[in-house]
Amino acid sequence: MPVLFEGAQVPAHLTNIPISLISTSTDSANKYVKGKVIHKGPLVVSAADNFILKTVIQEDDSSQKPSINIVLFGDLAKSFSQSVNQGDVVVASGFQVGKSPTVRKDNHHACNLLLSKSDACIYVYHPQSPSDSKSPQASKRSSTCSAEVSQTTKAPKYTYVRLDNLKLSSTVNVYGVVVFFKLPHKSRGTHWCSTLKITDQSNLKIQCTLFCNKREDHPQIFQVGDIVRLHRVKTQSYEESIQLISAYGFAAVTFDGIVGRAVEPRTSSRSFQFHQEDQQKVEELRAWAASHSIVSATSTTIPLSATQPKAYFDLTCQLLAKAPIDTTCTLLRVWDGSQCPHTLLKVIVEPDSVEGPVSFSENKENLIANVLVYDNHVEFARQLKPGTFLRIFNLRAIPGSSRVPGLTSSQAVEHDHLAFHLHGGTSYGRGIQVLPENSQDVQELKSALEMFSKDKDDSGVSDSELMDIWCTPPETLDDEAVESCTERRCIHNIETVMLSQLKQCNDPLGSHHVRVQLSSFKPHRLHQALKLYCSKCSSLQDVPDDEVVNRVFSEASRNAELCSPPSWALSGKVNLPGISHGSSNRTLHIHSSSELLSEGKAKELIYIMGSSLEETCRLADGYQNIIPVRSSEGRLALLDWPAPFLFRGRKRYYGCKSCSEAAAVSEPSCEGVDVIDEKVIAEALQVQPLQFVLLMELQLQDATDTLDVFLWKHAEMFFNVSAEDVAANQEAQDHISRTMNALCPKGGSDGIPACGSTPVMSVCLVSD
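Named according to an unreviewed UniProt entry, the protein is Protection of telomeres protein 1 originating from Gouania willdenowi. Recorded under Sequence similarities (unreviewed entry), the UniProt text for the protein is reproduced unchanged: "Belongs to the telombin family."

Structure (structure tokens):
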């Protein structure tokens, strides 16, 4: 619902947009407009007992600055009329932009701002009155107001303190050269913590301890010698010296410390200031650090070709693939274009667990290092995507490694091989940092990788071809049966067998390679191949039909009871326009989290009661997450199975009836959560989510026999599309249909296909 706050701080996720930049194409999401009220119109009551008020704001007192009309509706207009006076400073968010019909008459902006939606907010700052000039509270309020105005009218000029001029118990802004750092890691609470030590022309070394809600808000330091700019850090005593800790409003910007490189700020902030004075400051620190040998001439970052047993080093590399080993260890397969002079440890994992290519060309395989990541680094490592460029700090080369987590019976113990381990903890700056592609180090690494591609005459199949092989079915050309120009490859080095041999095998367990054609498949109606799978009880069930789901919604709507909303929720109503011309509007009851409303995230999650399935789908276009609820014994509860527990756009999410716990609807915990998704909501609702999977029965044939097999666990890889997308996307459904028609032109009918009509596939069959 629209809200008016007096003296409250504007949420940090909102960014200011100048009035002069506003147009009808402006994306107003997470934006706010700020100005002084120069005109306040009367409160008008419409025939429908609704309120309307028009006001005009200007960015500052100067008549040269632009002004704009704001039109407020409903309770927000009434609150504005009662609480805001001419001369007050206001911040408006959650607005819509429309064309101003009075632009020629009043000479204000060609657009006006409309505040009518549920997420509309006004923040008000009253100027200091003369009678309050001696009041400490008034002085504080005045300073807050003037500070807010200065952000809109003029970019603030920051003063930076040299490290030898720091005084205890003061909040300052500083520049410094990094001489030591530890990457951000989870603290014991909910924050991310990082530690660094900086110096400047004073030659003092000052330790900094920084806490942020998000990992990306910390300084993005890539190496010792980088230069950091820290705003709003507080000084305090630490072991008879001064240290800096992050204070309220802390912000950081980082720069490359090498002389001659571009001065490009690294920061996650969208609204940081960077002027000519800042560039000069960075250049001065670069020159000073270079002339005083602040950074060691011996770099700890070395290529794989220079690694030595028992050494600790930093590695700049590209991630090619990854796989979990167990709960405390993850495998990263990386390369930097150079070859280690020592024989490297090989780690065998199940192909199903690998994210990225399973195998590579022989030449490239010789350059790949297997890095085993342990303990507190595992969570971050599992979020990395193949293709990402990394710097791994304090990596250890261990000779004679024979113990590998998850060692299988198929893997021989290797005593004379070199292994790379990233141990747990943060000592010596140990950790993993993602490097942006525009960084100088990544550009140099790319050049080395490109040189490998040019120099190596690789007669094998390339990595991109291998990915295509796994994901793309073979085709026929000119209606003649031909062998695929590439083959389906997997890691199993076994010979191809005939189907008759496979069926006569006494022990068929394991992997088998066959060359076959597809003679038929089931189901013929491909939408029936979509199933719901529970990972907890291993049940498999059909996706509920819309008619069945609609009956559940209708039953809940007819039996709607009054209930008191929980303490964490705010109740409201939403008007849904009629479907056809002349049909009446529908008013639906909704609930929303008060915490999300206070953070300006009203549209991220709502609970809706009394709606039909069709109405819920229509509302899903305007809200990120919709949870349909009903009243049960005076409290909110989820709808009965098989209704989805969540709608996210066109996607629906179902829960397992057997494994979910029947509990009152509770508020998802947003602490430390960047995005409220289906996993967060399912956990809060104590629902065991069902996973969309594809299940098909295929009949394969060769010259000797036929064999019925199931395509299930590898179906998404086979079709190169996720089952979740198939459930919501017509294009994904059409892709599967085209694929099956190409593989089996007879449409899945029984009988031997005509000669030359069906492509031949090399298939890896797994029996377990």
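Undergrad: Just checking my understanding: could you explain the sheet that holds strand 24 (residues 540-542) for this structure?
TA: Sheet strands pair by backbone hydrogen bonding; their relative direction is either parallel or antiparallel. Read from one edge of the open sheet, 3 strands run 24-23-32, paired in antiparallel fashion. For this open sheet the edge positions go to strand 24 and strand 32 (691-694), each flanked by a neighbour on one side alone. Strand-to-strand, the axes of this sheet are offset by a mean angle of 45°, without reference to chain direction. As judged from the 3 bridges shared by strand 23 (residues 530-533) and strand 24, these two strands associate in the antiparallel manner. Looking across to strand 24, one finds that Tyr 533 is bridged to Leu 540.

Undergrad: It is not clear to me how the sheet that holds strand 35 (residues 761-767) should be interpreted in this structure. Could you clarify?
TA: In space, the 4 strands of this open sheet follow the order 34-33-22-35, with antiparallel pairing throughout. Since the sheet does not close on itself, it has two edges, and those belong to strand 34 (706-711) and strand 35, each with one partner. The sheet shows a mean angle of 60° between the axes of neighbouring strands, direction not considered. Examined bridge by bridge, strand 22 (residues 510-522) and strand 35 share 7 bridges and lie antiparallel to one another. Each residue of the ladder has a partner; that of Val 514, found in strand 35, is Val 763. Across the sheet, helix 16 (residues 730-743) lies against strand 22, strand 33 (696-701) and strand 35, angled at about 100° from strand 22, the strand it touches most.

Undergrad: Even after reading the chapter, I still don't get the pairing of strand 16 (residues 312-326), so can you show me in this structure?
TA: For a regular strand, side-chain orientation follows a simple rule: the groups alternate between the two sheet faces. Summarising burial for strand 16: 12 of the 15 residues are buried, a large majority. With 6 bridges connecting them, strand 16 and strand 19 (residues 389-398) associate as antiparallel partners. Paired with Leu 315 across the strands is Ile 392, a residue of strand 19. Relative to strand 17 (residues 329-335), strand 16 runs antiparallel, the two sharing 7 bridges. Residue pairing in the sheet places Lys 322 in a bridge with Leu 332 of strand 17. Hairpin connection between strand 16 and strand 17: a loop of 2 residues separates the two successive antiparallel strands.

Undergrad: Could you clarify how one ought to interpret the pattern of salt bridges in this entry?
TA: Note on pairing: side chains with opposite charge can pair once their charged atoms come close. Per the counting criterion, the structure on display carries 19 salt bridges. Across the pair Asp 256 and Arg 261 runs a salt bridge, and its minimum N-O distance is 2.8 Å. Take Asp 256 and Arg 261: they sit in the same class, and that class is buried. Asp 640 is the partner of Arg 630 in a salt bridge, and the nearest nitrogen-oxygen pair spans 3.2 Å. Highlighted residues: Arg 630 in strand 28 (residues 626-632) and Asp 640 in the loop between strand 29 (635-638) and strand 30 (646-648), separated in sequence by 10 residues. Accessibility expressed as a relative area gives 23% for Arg 630, which makes it partly exposed. Classification of Asp 640 by relative accessible area gives partly exposed; the value is 45%. Connected through shared salt-bridge partners, Asp 256, Arg 261, Arg 391, Asp 441 and Glu 444 make up one network.

Undergrad: Any chance you could explain unusual backbone geometry here in plain terms?
TA: The bulk of non-glycine residues show a negative phi, and the bulk of peptide bonds are trans. Across the junction of Lys 522 and Pro 523, the peptide omega takes the value 0°, indicating a cis bond. Its location among the elements puts Pro 523 in the loop between strand 22 and strand 23. A positive phi angle is found at Arg 232, which is not glycine, with a value near 60°. Mapping Arg 232 onto the fold places it in strand 14 (residues 227-238). Among the residues examined, Arg 232 registers a relative accessible area of 27% and is labelled partly exposed. Backbone geometry places Asp 375, a non-glycine residue, at a positive phi of 55°. One can find Asp 375 in the loop between strand 18 (369-374) and helix 6 (378-381). A relative accessible area of 47% places Asp 375 in the partly exposed class.

Undergrad: It is not clear to me how the state of the cysteines should be interpreted in this structure. Could you clarify?
TA: Summed over all chains, the structure comprises 0 disulfides. Cys 212 carries a free sulfur, and the closest cysteine sulfur to it, the one in Cys 193, is 9.3 Å from it.

Undergrad: When you look at the environment of Gln 201 in this model, what are you seeing that I'm missing?
TA: Checked against the element boundaries, Gln 201 lands in the loop between strand 12 (192-199) and strand 13 (205-212). Accessibility expressed as a relative area gives 29% for Gln 201, which makes it partly exposed.

Conventions we followed
- Residues numbered from 1 in each chain as written.
- Predicted model: local features only at pLDDT ≥ 70, side-chain atom pairs only at ≥ 80, totals over all residues.
- Heavy atoms only, no water.
- UniProt positions renumbered as here; feature names shortened; annotations may be inferred.
- Pairing = 2+ DSSP bridges.
- Helix = DSSP H or I, 4+ residues; strand = E, 2+ residues; numbered from the N terminus.
- Axes fitted to C-alpha atoms, helices over the stretch in contact; angles between N-to-C directions.
- Contact = heavy atoms within 4.5 Å.
- Buried < 20%, exposed > 50% of the residue type's maximum accessible area, 1.4 Å probe, protein only.
- Salt bridge = Lys/Arg side-chain N within 4 Å of Asp/Glu carboxyl O.
- Disulfide = S-S within 2.5 Å.

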